[in-house]
Amino acid sequence: MKDGVSFVVLASDHAGLEMKQRLREALAGWGYRVEDLGPGTADSVDYPDYAEAVALRVGRGQADAGVLVCGTGVGMSISANKFPNVRAALLYDGFTARYSRLHNDANIAVFGARTMSADDAVARLRIFLSEPFEKGRHSRRVDKIGCIEKRLGLPG
Ligand code: RB5
């Protein structure tokens, strides 16, 4: 995720719909340009479809960062991390929100609407978007993730 995030895309499944709406409002209030990739109703949907929409945008550099919400955050994390250049982190506490940026250069924040409060998710997202990537020795490790993607033949 490049420093100076301004454009954030987000999505959820039905379980994450309400929390996504809360996060979208918080993002707009903090001054980010936000695009909600759905869903727009609480009808049952499949989380991989929405993970893909956000992961493609972030992985292709068409958005600065992404946000995904499902019931536990696990399905969204597994799905999003299939895509090249995506480093999706399930932010289960503030420390993880901070270090997912400092050490992992995470570019998608994932939340579980059934495992954490909306207030906690908002606070963790604020931390996530405020922290820079530390680079240094961490660049070597993150670069190795890209090398794995290349060895697997995934398009960069
Ligand atoms: C939907 O019931 C639930 O399985 C989904 O939101 C998520 O928790 C999957 O990881």
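A. Main features of the site of the ligand. In the vicinity of the ligand, the residues found are D13, H14, A15, Y47, C70, G71, T72, G75 and R114. Contacts to the ligand include G75, whose backbone N or O atom sits 2.9 Å from an oxygen atom. For the ligand, the protein covers 71% of the area, taking 290 Å² as the surface of the free molecule. Counted by class, the shell around the ligand contains three nonpolar, four polar and two charged residues.

B. Spotlight on the sheet that holds strand β1 (residues 7–12). The strand order across the open sheet built from five strands is β2-β1-β3-β5-β4, with neighbouring strands paired in parallel fashion. Of all strands in the sheet, those with a lone pairing partner are β2 (33–36) and β4 (88–90), marking the two edges. Between one strand and the next, the sheet's axes are offset by a mean angle of 20°, whatever the strand orientation. Both β4 and strand β5 (residues 108–112) contribute to a ladder of three bridges, which runs parallel. Note that in β5 the partner of A88 across the bridge is I108. Against the sheet, helix α2 (residues 47–59) touches β1, β2, β3 (65–70) and β5, its axis set at about 165° to β1.

C. Region of interest: the pairing of β2. Looking at chain direction, β1 and β2 are connected through four bridges and run parallel. By the bridge assignment for β2, L10 is matched with D36. Handedness of the crossover is the feature at issue here: the chain leaves β1, passes through helix α1 (residues 17–29), returns alongside β2, and the resulting connection is right-handed.

D. Summary view of the nonpolar core. If you look at the biggest cluster of nonpolar residues, it comprises 23 residues, and the most contacted ones within it are L23, L27, V67, F111, L125 and L129. Only β1, α1, β3, β5 and α5 (118–130) provide two or more residues apiece to this core. With five residues, the top contributor of residues to this core is α5. When neighbours within four sequence positions are excluded, L27 is seen to be in contact with V8, L10, Y32, V34, V67, L125 and L129. One finds A11, V45, F83 and A88 within the second-largest nonpolar core, a separate group that totals 19 residues.

E. Structural context of the packing of aromatic side chains. A complete count under the given rule lists one aromatic pair for this structure. On the numbers, 4.4 Å between centres and 25° between planes, the contact of F95 with Y99 is stacked. Here the residue F95 and the residue Y99 both occupy positions in helix α4 (residues 94–102), the gap between them amounting to four residues, near one helical turn. Overall, the relative accessible area of 56% leaves F95 in the exposed class.

F. Quick peek at the pattern of salt bridges. One pass over the structure, following the stated rule, counts eight salt bridges. Here K20 makes a salt bridge to D36, at a shortest N to O gap of 3.0 Å. With K20 in helix α1 and D36 in strand β2, this pair connects stretches of sequence that are 16 residues apart. A salt bridge links R24 to D36, with the nearest nitrogen and oxygen atoms 2.4 Å apart.

Rules behind the numbers
- Residues numbered from 1 in each chain as written.
- Predicted model: local features only at pLDDT ≥ 70, side-chain atom pairs only at ≥ 80, totals over all residues.
- Heavy atoms only, no water.
- Near = heavy atom within 4 Å.
- Polar contact = N/O pair within 3.5 Å; in protein donor to acceptor, adjacent residues only side chain to side chain.
- Areas by Shrake-Rupley, 256 points an atom, 1.4 Å probe, with all protein chains shown as cover.
- Nonpolar A, V, L, I, M, F, W, Y, C, P; charged D, E, K, R; others polar.
- Pairing = 2+ DSSP bridges.
- Helix = DSSP H or I, 4+ residues; strand = E, 2+ residues; numbered from the N terminus.
- Axes fitted to C-alpha atoms, helices over the stretch in contact; angles between N-to-C directions.
- Contact = heavy atoms within 4.5 Å.
- Right-handed = clockwise from strand over helix to strand, strands pointing away.
- Core = buried A, V, L, I, M, F, W, Y, C linked by side-chain atoms within 4.5 Å.
- Buried < 20%, exposed > 50% of the residue type's maximum accessible area, 1.4 Å probe, protein only.
- Phe/Tyr/Trp six-rings, centres within 6.5 Å; stacked < 30°, edge-to-face > 60°.
- Salt bridge = Lys/Arg side-chain N within 4 Å of Asp/Glu carboxyl O.

By themselves, these figures tell us nothing about what the structure is for.
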